[in-house]
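# Architecture and fold: a report
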Amino acid sequence: MKDLKYLTAYSTPLCAFIGLTYQDVWVWLTPIYAFVLVPIIESILPVNEVNIDSQEKEDKQSLHWTDFLLYLNIVIVYCILLLTLTTVTTQETSLAELVGLIFSAGIVIGSNGINVAHELGHRKSKIERTLGKLLLLPALYMHFYIEHNYGHHLKAATPEDPATAKYNQSLYSFWVSSIYKQYTNSWRIQMDLLKRANNSFLSFKNDMLWYHIFQASYLFVAYWFFGSLGLMVVIFAAIAGFLLLETINYIEHYGLRRKKLPSGRYERVREVHSWNSNHVFGRIMLYELTRHSDHHYRANKKYQLLDYHDISPQLPYGYPTSMVLSLLPPLWFKIMNKRVPADQRP
């Protein structure tokens, strides 16, 4: 019964549904909930550092009902998108309502789409990985699968990783560099994979090519059924969604660096190379993403099995609160720079 707490992850799309149903000021419920109410709740609830015992881990290692909580997000994300498109193209909406609905859909794409896609993308099952890619489609960020799994997890907390924010780098600078370099890195990794397998650019094994075909088809379908307004909605909702992802990327490794060994290689990724947060509400609504230190230490662990390590650097606030603070670079630097271990600063 303890795992029922993960139903909290559905609270974000529920807020989006309420906004779609009642409109008016309610269209802003999702961003207010995610970035105002959740930080307040996190500040009230205690921090939970407890790890589940070995017997529980063994029970949840195989297919567990908590896995189906992830799969349900596919239905939820696409339903919210469809309802949003139907609402804005068939009903009178003001500019403020339109912006609120798009932003809300983008938050759902980020929290219940990309976040869950990240979890499923690490699974061994091909079906689960495919479901993860399906959740990346509305964000127009399918290349994330390649760069994250074949790039980021190898180079996290190094200068070569575009998804690791540098010490004193602002969020807005990070958005530009990370988005551009992750995309170009994805092509570089894909071409290297094709070359190793002696496959050509036009091979069926060129996943990057397929991703562009799928994403172009998605945009075409949105335009065909919902017109230019529908096309605008899915594009801006996607932008909101992947900016949410990049903001999380920013806080996950900010300022942390792995040591370079005499051999020229970097030390292996350890629990000290990602920021951890045990603020309980953010943990459960993001499927334990905030225990990111253990995720990088053992990337194949399911979200419900992730542990807290007391040697991991700790965020002073939960992920939602940290995301808000990162929007204000001077405040973020003041809070976080002193927490970056001295031996990892430039």
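Reading guide: rules and limits
- Residues numbered from 1 in each chain as written.
- Predicted model: local features only at pLDDT ≥ 70, side-chain atom pairs only at ≥ 80, totals over all residues.
- Heavy atoms only, no water.
- UniProt positions renumbered as here; feature names shortened; annotations may be inferred.
- Helix = DSSP H or I, 4+ residues; strand = E, 2+ residues; numbered from the N terminus.
- Contact = heavy atoms within 4.5 Å.
- Patch = residues over 30% accessible without salt bridge, like charges linked within 9 Å, V, L, I, M, F, W, Y side chains within 5 Å.
- Areas by Shrake-Rupley, 256 points an atom, 1.4 Å probe, with all protein chains shown as cover.
- Salt bridge = Lys/Arg side-chain N within 4 Å of Asp/Glu carboxyl O.
- pLDDT = per-residue confidence, 0-100.
- Axes fitted to C-alpha atoms, helices over the stretch in contact; angles between N-to-C directions.
- Parallel < 35°, antiparallel > 145°, perpendicular 65-115°, else oblique.
- Nonpolar A, V, L, I, M, F, W, Y, C, P; charged D, E, K, R; others polar.

As recorded by an unreviewed UniProt entry, the protein carries the name Fatty acid desaturase and is attributed to Dokdonia donghaensis DSW-1. Taken directly from UniProt, the Subcellular location (unreviewed entry) text for the protein runs: "Cell inner membrane". Turning to the protein, the UniProt annotation filed under Sequence similarities (unreviewed entry) states: "Belongs to the fatty acid desaturase type 1 family. AlkB subfamily."

## Quick look at the side chain of Ser-178
You can see Ser-178 is positioned in helix α8 (residues 171–196). Aside from chain neighbours lying at most four places away, what touches Ser-178 is Pro-162, Ala-163 and Glu-246.

## A look at a nonpolar patch on the surface
Residues Trp-28, Ile-32, Val-36, Leu-37, Ile-40, Ile-44, Leu-95, Val-99 and Phe-103 make up a contiguous nonpolar surface patch of roughly 810 Å² in combined accessible area. Elements represented by at least two residues in the nonpolar patch include exactly α2 (29–44) and α5 (95–121). In terms of residue count, the dominant contributor to the nonpolar patch is α2 (5 residues). Tracing the sequence through the fold places Val-99 in helix α5.

## Some thoughts on the confidence of the model for the protein
Here the protein shows a mean pLDDT of 94. Residues at 70 or above account for 99%. Here helix α3 (residues 54–61) is the element of the protein with the lowest mean pLDDT, 78, and helix α9 (residues 207–253) is the one with the highest, 98.

## Quick notes on the environment of Thr-30
Secondary-structure assignment places Thr-30 in helix α2. Note: C-alpha distance between Thr-30 and Val-108 (78 residues apart in sequence) is 8.6 Å. Once residues lying within four places of it in the same chain are set aside, the contact partners of Thr-30 are Thr-12, Cys-15, Ala-16, Ser-104 and Ile-107.

## Quick notes on the UniProt feature "domain: Fatty acid desaturase" (unreviewed entry) in the protein
Mapped onto the present numbering, the UniProt feature "domain: Fatty acid desaturase" (unreviewed entry) falls at residues 101–319. Strand forms 0% of residues 101–319 and helix 59%; the C-alpha atoms that close the span are 23 Å apart.

## With respect to the packing of α9 against helix α12 (residues 319–326)
Where α9 contacts α12, the axes come no closer than 10 Å and their chain directions differ by 95 degrees. By the criterion of interaxial angle, the relationship of α9 to α12 is roughly perpendicular. Here Leu-244, Thr-247, Ile-248, Tyr-250, Ile-251 and Glu-252 of α9 lie close against α12, whose contacting residues are Tyr-319, Ser-322, Met-323 and Ser-326. A per-class count over the contact of α9 with α12 returns 6 nonpolar, 3 polar and 1 charged.

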